[in-house]
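# Geometric and topological summary
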Amino acid sequence: MIRRPPRSTLFPYTTLFRSTLIRELLPPGLRGLVVAGFLAALMSSLSSVFNSCSTVVTWDIYKKLHPEATERRLVLVGQVSTAVLVVLGLLWIPLMKHIAGQLYVYLQSVQSYIAPPIAAVFLFGLCWKRLNAKGAMTALLAGFVLGAGRLILELNRNHLGGQGIVYQIATMNFLHFAILLFVICSALLFAVSLVTPPPSEAQLAGLTFQTAGAGSAAAEERVKSDPASRSLQILLSILLVASVGLVWWYFSG
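Residues numbered from 1 in each chain as written. Predicted model: local features only at pLDDT ≥ 70, side-chain atom pairs only at ≥ 80, totals over all residues. Heavy atoms only, no water.

For the rest of this paragraph, the subject is the packing of aromatic side chains. Summed over the entire model, instances satisfying the criterion amount to four aromatic pairs. Consider the rings of Trp128 and Phe190, whose centres lie 5.7 Å apart with planes at 25°: the pair is stacked. In this pair, Trp128 sits in the loop between helix H4 (103–127) and helix H5 (133–155) while Phe190 sits in helix H7 (residues 174–194), placing the two residues 62 residues apart along the sequence. A relative accessible area of 32% means that Trp128 is categorised as partly exposed. (Phe/Tyr/Trp six-rings, centres within 6.5 Å; stacked < 30°, edge-to-face > 60°. Helix = DSSP H or I, 4+ residues; strand = E, 2+ residues; numbered from the N terminus. Buried < 20%, exposed > 50% of the residue type's maximum accessible area, 1.4 Å probe, protein only.)

In structure tokens, the structure reads:
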């Protein structure tokens, strides 16, 4: 029988338990197939993350600062940024066990600090064309600051005295914090957009549901000729949101 270690020390052993289950329960042929699948999934996820990050650094940052850069220089910048990201990822590993005792919980908790502002901007940006870039940028920056602040507080929760509003924020369930962060970012998105000039029609072409047919004659004709399909898509979207809400309500009860 495998002896389960304390929760505080569980994180370093999650991979050990997984490998033990595979080694003890699966037959030899299937065992190798499952391990190969784990490794392939891991390498695929890491390669996509590093590729996306290096692309952002190269094209959205370096290219704008140095528009005259050659292709060879851009490739070099991408390679260097990838190497830096790998080093930063390795340095972050010792801090992971202080956030969550299990790898899956860690991934979900960190994602809850990043996803809410992006979800707010994307969702409401599609639904209402009055929102503008200033409101979106304010919501994204505020979400980043609040998420990073929550992460720092969570790493130092043992030094917060065990009481007070700061300690409550640091120990709040990460799913509840995600809801709170989504509400705050949404409020900032609407408030800043309403007090600043609206975007022009040219900027909105094809970006929202109201302007889905703009910018393309074929798309515009398709939207006019098939309103039932548009209504069906809206209905399915509402059903999807309702289904997610019901699942969350059922399992959180």
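More follows now that the structure is in view.
This part covers the packing of H5 against H7. Contact geometry for H5 and H7: axes closest at 8 Å, N-to-C directions at 150°. In terms of axis orientation, H5 runs roughly antiparallel to H7. Note that H5 runs across H7; the crossing there is right-handed. Residues Lys134, Gly135, Ala136, Thr138, Ala139, Ala142, Gly143, Leu146, Gly147 and Arg150 of H5 form the contact with H7, whose own contacting residues are Phe174, Phe177, Leu181, Ile184, Cys185, Leu188, Leu189, Val192 and Ser193. Split into classes, the residues belonging to the contact of H5 with H7 amount to 12 nonpolar, five polar and two charged. (Axes fitted to C-alpha atoms, helices over the stretch in contact; angles between N-to-C directions. Parallel < 35°, antiparallel > 145°, perpendicular 65-115°, else oblique. Left-handed = near helix turned anticlockwise from the far one by under 90°. Contact = heavy atoms within 4.5 Å. Nonpolar A, V, L, I, M, F, W, Y, C, P; charged D, E, K, R; others polar.)

The next thing to look at is the confidence of the model for the protein. Here the protein averages 81 in pLDDT, and 82% of its residues register 70 or above. Within the protein, the element-level pLDDT minimum falls on helix H9 (residues 217–225), averaging 57, and the maximum on H7, averaging 93. Contacts for the low-pLDDT stretch residues 1–17, under 50 throughout, to residues beyond four places or in other chains number 23 contacts. (pLDDT = per-residue confidence, 0-100.)

Ranked by internal contacts, the top residues of the largest apolar core, which has 16 residues, are Tyr106, Tyr113, Ala139, Cys185 and Leu189. Those elements giving two or more residues to this core turn out to be H4, H5 and H7. When residues in this core are grouped by element, the largest group, five residues, is from H7. If we ignore the near neighbours within four places in the chain, the residues touching Tyr106 are Trp92, Met96, Ile99 and Ala100. (Core = buried A, V, L, I, M, F, W, Y, C linked by side-chain atoms within 4.5 Å.)

If you trace the backbone, Thr58 turns up in helix H2 (residues 28–65). Residue Thr58 is classed as buried on the basis of its relative accessible area, which comes to 5%. Those residues in contact with Thr58 that lie beyond four places of it in its chain are Lys63, Leu74, Val77 and Gly78.

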